[in-house]
Amino acid sequence: MSLSDAHYFEEMGVKKYEEIRHLLDSREKKDKMEGMKRLMAMISIGRDASNFFPDVVKNVVSDSLEVKKLVYAFLTHYAEQKSNEALLTINTFQKDLSDTNQLIRSSALRVMTSIRVPIIAQLQVMAVKQCVRDSSPYVRKAAAHAVAKVYALDQEQLSALIEMIQVLLQDSSTVVIGSAVAAFNEVCPDRTDLLHPNYRKMLRLCPDTDEWGQIVIINMLTRYGRQFFLDPNKMTESDGEAKEGGKKKKKKKKNSAFYSDSDQSSSESESESESEDEADKEVDLEPDHAMLLSTLQPLLRSRNAGVVVAVATAFHYLAPSNQVARAGKSLVRVLKNNRETAYLVLCNIATLVQTHPAMFQPMAKEFFLKAHDITCSALLKLEILSQLASEANAQHIMKEFNAYIKDSSRDATLVAATIQAIGRVASWLPALTESCLRGLMTLIASSKNVAMVAECVVVVRTLVQQNPEARVRIIRQLGRMLEKIATPSARASVVWMLGAYHHLVPKVTPDALRQLAKSFKEEDPQVKLQVLNLACKVYLSEPVISEQILKYVLDMARYDMDFDIRDRARMFREMLLGDQNPTLRDAASQVLLSARAAPLMLAPSVDNASFSLNSLSHVVCHAVTGYEVIPDFRDEVPSSKIREPSCSNGEASSRSGGKSSDKNKRKEEKRSAKEVQSFYSDKDSDSDSASASASGSSAASGSDSSASASAEDSDKDSDSSGSEDSDSSSGAKKRTAAKKKGEKESAGDKKAGGGKRRSGQKKASSDSDASTEESSSASGSDDSEESEDAKPTKKAPPAKKGSASKKDAPVSGGKGKGK
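Everything quoted here is computed from the prediction, not taken from an experiment.

What counts and how
- The written sequence of each chain sets the order in which its residues are numbered from 1.
- Predicted model: local features are reported for residues with pLDDT of at least 70 only, side-chain atom pairs are reported and counted for 80 or more only, and whole-chain, interface and lining totals are derived from all residues.
- Think of the side-chain values as coming from all heavy atoms in the structure, minus any hydrogens and water.
- Under the scheme used here, helices are H or I runs from DSSP no shorter than 4 residues and strands are E runs no shorter than 2 residues, and both carry numbers assigned from the N terminus.
- Any residue under 20% of the maximum accessible area for its type is buried, any over 50% is exposed, and the rest in between are partly exposed; the area is computed with a 1.4 Å probe on protein chains only.
- When a carboxyl oxygen of Asp or Glu is within 4 Å of a side-chain nitrogen of Lys or Arg, the pair counts as a salt bridge.
- Any two residues having at least one pair of non-hydrogen atoms within 4.5 Å are treated as being in contact.
- Pairing of aromatic rings covers Phe, Tyr and the six-membered ring of Trp, with a centre-to-centre limit of 6.5 Å; geometry is then stacked below 30 degrees between planes, edge-to-face above 60, and tilted otherwise.
- Here, nonpolar core refers to any group of buried Ala, Val, Leu, Ile, Met, Phe, Trp, Tyr and Cys residues whose side-chain atoms link them within 4.5 Å.

*Asks:* Could you clarify how one ought to interpret the environment of Ala 595 in this entry?
*Replies:* As for its position among the elements, Ala 595 is in the loop between α33 (588-592) and α34 (616-620). Under the relative-accessibility criterion, Ala 595 is labelled exposed at 80%.

*Asks:* Where do I start with the pattern of salt bridges in this structure?
*Replies:* Between side chains of opposite charge, a pair can form as their charged atoms come close. Counted under the stated rule, the structure contains 23 salt bridges. For the salt bridge of Lys 29 with Glu 66, the shortest nitrogen-to-oxygen distance reads 3.6 Å. In this pair, Lys 29 is assigned in helix α2 (residues 29-44) and Glu 66 in helix α4 (residues 65-78), connecting sequence segments 37 residues apart. A salt bridge links Arg 303 to Glu 211; its shortest N-O distance comes to 2.9 Å. Note that Arg 303 is positioned in the loop between α17 (287-296) and α18 (305-318) and Glu 211 in helix α13 (residues 211-228), a separation of 92 residues in sequence. Judged by relative accessible area, which is 73%, Arg 303 ranks as exposed.

*Asks:* Whenever I open this one, the side chain of His 356 confuses me. Can you help?
*Replies:* Mapped onto the fold, His 356 is located in the loop between α20 (339-355) and α21 (375-388). On the basis of relative accessible area, His 356 is assigned to the buried category, the value being 18%. With residues near it in sequence (within four places) discarded, His 356 still touches His 316 and Val 324.

*Asks:* Just to check I follow, could you spell out the packing of aromatic side chains for this structure?
*Replies:* Between two aromatic rings, the relevant description is the distance of the centres plus the angle of the planes. Per the stated rule, a full pass over the model turns up 11 aromatic pairs. Between Tyr 224 and Phe 228 the ring centres are 4.8 Å apart and the planes differ by 35°, which places this aromatic pair in the tilted class. Residue Tyr 224 and its partner Phe 228 are located together in helix α13, separated by four residues, close to a single helical turn. One exposure class covers both Tyr 224 and Phe 228, and it is buried. In this structure an aromatic cluster arises from ring pairing among Tyr 199, Tyr 224, Phe 228 and Phe 229.

*Asks:* Explanation requested: the nonpolar core in the structure shown.
*Replies:* It is characteristic of soluble globular proteins that their nonpolar side chains tend to be buried jointly. Ranked by size, the top nonpolar core spans 197 residues in total, and within it Leu 39, Phe 74, Leu 75, Phe 360, Phe 367 and Phe 401 carry the most contacts. No other element matches the 11 residues that α18 contributes to this core. If sequence neighbours within four positions are ignored, Phe 367 has contacts with Val 332, Leu 335, Leu 346, Ile 349, Phe 360, Lys 381, Ile 384, Leu 385 and Leu 388.

*Asks:* I keep staring at unusual backbone geometry and nothing clicks. Help me out?
*Replies:* In terms of backbone geometry, most residues other than glycine have negative phi values and most peptide bonds are trans. Look at Asn 614: it is not a glycine, yet its phi comes out positive at around 60°. As for its placement among the helices and strands, Asn 614 is situated in the loop between α33 and α34. By relative accessible area, which is 32% here, Asn 614 ends up partly exposed. The phi angle at Cys 621 is positive, at roughly 65°, despite the residue not being glycine. Considering the arrangement of structural elements, one finds Cys 621 in the loop between α34 and α35 (647-655).

So, in structure tokens, the structure goes:
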């Protein structure tokens, strides 16, 4: 629709809805176009137009191309919903499959395969089979899409659909190959034998296909490479060990130029040595493996973010570790797209940075937060920044984190994530641990933001667990600030630290326990549980001082509303104060005072790495329907000969002198076509043409008859040699020489009698090549050369363009095709 058709999208009244039926029933083309435009506008704005389906079906036989396009678009939209009504137009669809317009053929196939009725599955298969070999790549692409529809409707047609997919994968059109691979992934993803002969062709066509076709092909090639290529990282390790005493020792340091600077020459020599090392590693790859990586690398410059992420995924799973960094700049470039795309790219970067942090470290500033960043993207950027922190850029990143904390306009979730990122940096870089702890303690003492204080306490507790003996001062400060901390999670963390390291702060723990016992009734349930643990631990270390406090806490917990607290209090009473089971009492110290390993501060998206990159399951962190795991590299892979093109065998057999089975099939098809044509032709014309051909053949000159006989004999001999024994090279050479000699003689005779031929025969033979000219004019030349004085009363039928060639059918005899 053009810009002037915008009024169709406005709300229409009841009268305009009623006018649509009259417009569709009209005989005028303009009225039908008006009605179809209104219907398409209704569908575009989300209105239900299925009630007009019978009225639209009537116009499927319209002569107007524009009307038919809109009708097919409407039928495609509602074919699945109105399957029974759509069955009435099956004959029209089958007729349109032979239309001269490629858009009509593809639309007819699209609508026909959208009808979800299993009864017509066989008809759909026949229609798809016809369009698979269509001359238009647009129709073949529609046929590839239809293959998946038919398979979803009736999976019993699998064998026939696989044959069609094999034909589509052999297509050399960039329009078709992407849809063919998509159909392969949908119908038979395990049939890798179909991909072997087409592997190199798909690599050549991949850069020229459309962007979504490139994504499908790259994802398929990634899985293919994991199954049929060796692990490049293992190969480089083994090769490096083998070359340690060999090639590396043989390398000589190049002499620097006389006038060159020493620093410049040294840097150049280092870069050259690094490039040589990389070249050595690349040479170790299999040629097809290296061809895959070299073909995909230019696609990193694509404007489509999906293509860039697909190539980065392929490099992550298939390339050596020193080549994965090539995708870093491209991934950062596509972050400037819309918010949704940026979030998906960040999800993949957050996983890549866990194994390849060096590929993004030079671009760490690109991940600094911006004012327009949404919360989910900002959280991923903070996670990436924490993993990119190193001793070189740690100061810049920590200043950025401090700015985020001080910014009051930031979301509370973002501030908490920033504090967690500071904790991860302090945990991973020991040189920054003390400075991070001082900053966090300052926030706890001075900040009025309760949520920020709680998050700081939790992070400090995790950092203290890594080396509690060196951070006793921090534990003592938190114990004294317990009254100021009001958040339940923060209070529970402080109480846990006092109980776990009570032997390091023996003077602070009893006082803190007295304060907590007084306020036990008002505490949060998670704080009450930690108070119970603290009382039991203090009792085990100092039973005389803390026995009365323990009994008081247990009595308070006995009547608490939370059943977890009541159950734990009952268990501790039996373990510590009960006399019936002394063995359990002796083991209480092992249960409560045993040392525990310090927790590891991991990235929030560490679990996402267990799923394949560039997948929906990787984003949502759980397996969704249709998720397929990336296969592992194999220890042994087949030879690269399996990826040789399949046509080489046919060429070798044709060069050996014998005819292939494809030629026999073509001959049989032509013979069957002749039989069908003769069956529907007039009997009188057949008898006349047969007598004319017989008289012409009897009156033929000796030279023509000898030439035709020699051609027939050579064809028969070649057919018999091809079917019986293709290895008889000497006989093939003799027959080829005799055939050439006969052709020369026939050509000389035709030059001598060329002036006697009729003008009608010249027109029939001017559009064909030399071999077709001989076969098409064989029956007519005999009649023309019967005698010069006597003129034939009946003209010989003119040869048709579709007549059989000399190699496919005998020259003499046969039924006439013209009346």
